[in-house]
Amino acid sequence: YTRGTVTAFSPFDARADAEALRKAMKGMGTDEETILKILTSRNNAQRQEIAAAFKTLFGRDLVDDLKSELTGKFETLMVSLMRPAYIFDAHALKHAIKGAGTNEKVLTEILASRTPEEVRNIKQVYLQEYEANLEDKITGETSGHFQRLLVVLLQANRDPDGQVNEGLVEQDAQVLFRAGELKWGTDEEKFITILGTRSVSHLRRVFDKYMTISGFQIEETIDRETSGDLEKLLLAVVKCVRSVPAYFAETLYYSMKGAGTDDDTLIRVMVSRSEVDLLDIRQEFRKNFAKSLHQMIQKDTSGDYRKALLLLCGGDDE
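No experiment lies behind these values; they were computed from the predicted model shown. (Residues numbered from 1 in each chain as written. Predicted model: local features only at pLDDT ≥ 70, side-chain atom pairs only at ≥ 80, totals over all residues. Heavy atoms only, no water.)

Trainee: What is the right way to look at the pattern of salt bridges in this model?
Mentor: A side chain with one charge may pair with a side chain of the opposite charge, provided their charged atoms come close. Counted under the stated rule, the structure contains 23 salt bridges. Arginine 224 serves as the salt-bridge partner of glutamate 181, at 2.3 Å between the closest nitrogen and oxygen. A residue pair is termed long-range when its members are at least 10 positions apart, and glutamate 181 in the loop between helix H11 (166-179) and helix H12 (188-197) and arginine 224 in helix H14 (residues 218-225) qualify at 43 residues. Where salt bridges share partners, they join Glu33, Lys37, Asp304 and Lys307 into one cluster. (Salt bridge = Lys/Arg side-chain N within 4 Å of Asp/Glu carboxyl O. Helix = DSSP H or I, 4+ residues; strand = E, 2+ residues; numbered from the N terminus.)

Okay, structure coming up:
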């Protein structure tokens, strides 16, 4: 069961697709249309089969060929689609913490939105692929309360959803209220522990109770009492607890809003959610931003890059 826009293509013939892609890139000029149509309409598992068939038939590496034939954002998007699904997040994190400067936005987006099971998988893949411990890498590049909350999320020990104990809900809401609104300087640690370890259904009740006690949404308190990377991460965790698709709808909206587009974020979210919950993200987008995701991509991008993104988007929500 998936709420993705991209599903397994049928009838699927990996060799025929490989041949079509080779023809599209052979000789003078490249047939971008064929490339984007095939790669956006096959799911990730099928793309891996196409790459294997491509190597078998031609002794060539499909990703290398795409890199040499395509350019710019379109190239980045096609290469991202070819990345094996299980390695996608680990690869994004590796690139977020390598070299000069850390991309906190990527750390925040991935670790706030993935399920504990997904986080455990990411850590395992990271170790296998890069022979390095993800937690060590992240602690080496971050600091303060931001680092502590990332480490808590990396433990992937959030309580499983079950019966919600109203007494504990009340208690947590009071603790957060005292730590935030009632204190000079916030007790960030309380926010980190509660937001990082309680179950999703428990936290949703805590947020309601918090509103009742304080008269504020918890987001307003976080906004007022914290700043910088910690604030962004706390807000992302709260938003993902409320609704992961709504969080990604907002992420996509702000990647395109105003002057210039944050193409890395746009590509990362469209590719990573295309087989998970992009239909739900589209719904939230339409509800919250008075326009559809399709319309915004249409307006904000161009060329083959736009064509491919619109195909991944998979339809307009009037």
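Trainee: Which parts of the structure should I look at to understand the side chain of aspartate 277?
Mentor: Considering the arrangement of structural elements, one finds aspartate 277 in the loop between helix H17 (263-273) and helix H18 (278-289). Sequence-distant contacts of aspartate 277, that is, excluding residues within four places in its chain, are made with Arg3, Gly4, Val244 and Pro245. (Contact = heavy atoms within 4.5 Å.)

Trainee: Is there a simple way to think about the packing of helix H4 (residues 62-69) against helix H5 (residues 72-82) in this case?
Mentor: Two quantities define a packed helix pair, namely the angle between the axes and the distance from one axis to the other. Remark: H4 packs on H5, axes separated minimally by 9 Å, with the N-to-C direction vectors making an angle of 175°. Of the possible angle classes, the one that applies to H4 and H5 is roughly antiparallel. Together, Leu62, Val63, Leu66 and Lys67 of H4 and Glu75, Val79 and Met82 of H5 make up the contact between the two elements. Residue classes in the contact of H4 with H5 are distributed as 5 nonpolar, no polar and 2 charged. (Axes fitted to C-alpha atoms, helices over the stretch in contact; angles between N-to-C directions. Parallel < 35°, antiparallel > 145°, perpendicular 65-115°, else oblique. Nonpolar A, V, L, I, M, F, W, Y, C, P; charged D, E, K, R; others polar.)

Trainee: Sorry if this is basic, but what is going on with the environment of threonine 40 here?
Mentor: Inspection of the secondary structure puts threonine 40 in helix H2 (residues 32-41). The class for threonine 40 is buried, based on a relative accessible area of 6%. Between the C-alpha atoms of threonine 40 and tyrosine 86, which are 46 residues apart in sequence, the distance is 18 Å. Setting aside anything within four residues of it in sequence, one finds threonine 40 in contact with Val6, Leu81, Ala308, Leu311 and Leu312. (Buried < 20%, exposed > 50% of the residue type's maximum accessible area, 1.4 Å probe, protein only.)

Trainee: How should the domain arrangement of the chain be read in this particular structure?
Mentor: Often the size quoted for an interface is simply the accessible area lost on bringing the parts together. Domain annotation for the chain reports domain 1 (14-85), domain 2 (87-155), domain 3 (166-242) and domain 4 (244-313). Look at where the C-alpha atoms of domain 2 and domain 4 centre, and you get two points 24 Å apart. Residue-level contacts link 8 residues of domain 2 with 11 residues of domain 4. Between domain 2 and domain 4 the total buried area reaches about 800 Å² when both faces are included, carbon and sulfur atoms providing 57% of it. Three residues, Phe88, Glu109 and Ser113, lead the burial of domain 2 against domain 4; their summed loss comes to 60% of the area buried on that side. Inspection of the region where domain 2 meets domain 4 yields 2 salt bridges. The tally of links from domain 2 across to domain 4 stands at 2 residue pairs in polar contact (both at pLDDT 80 or more). Elements represented by at least two residues in the side of domain 2 that touches domain 4 include exactly helix H6 (85-96) and helix H7 (104-113). With 5 residues, the top contributor of residues to the side of domain 2 that touches domain 4 is H7. (Domains from an automatic or database assignment. Buried area = accessible area lost by both parts, 1.4 Å probe. Polar contact = N/O pair within 3.5 Å; in protein donor to acceptor, adjacent residues only side chain to side chain.)

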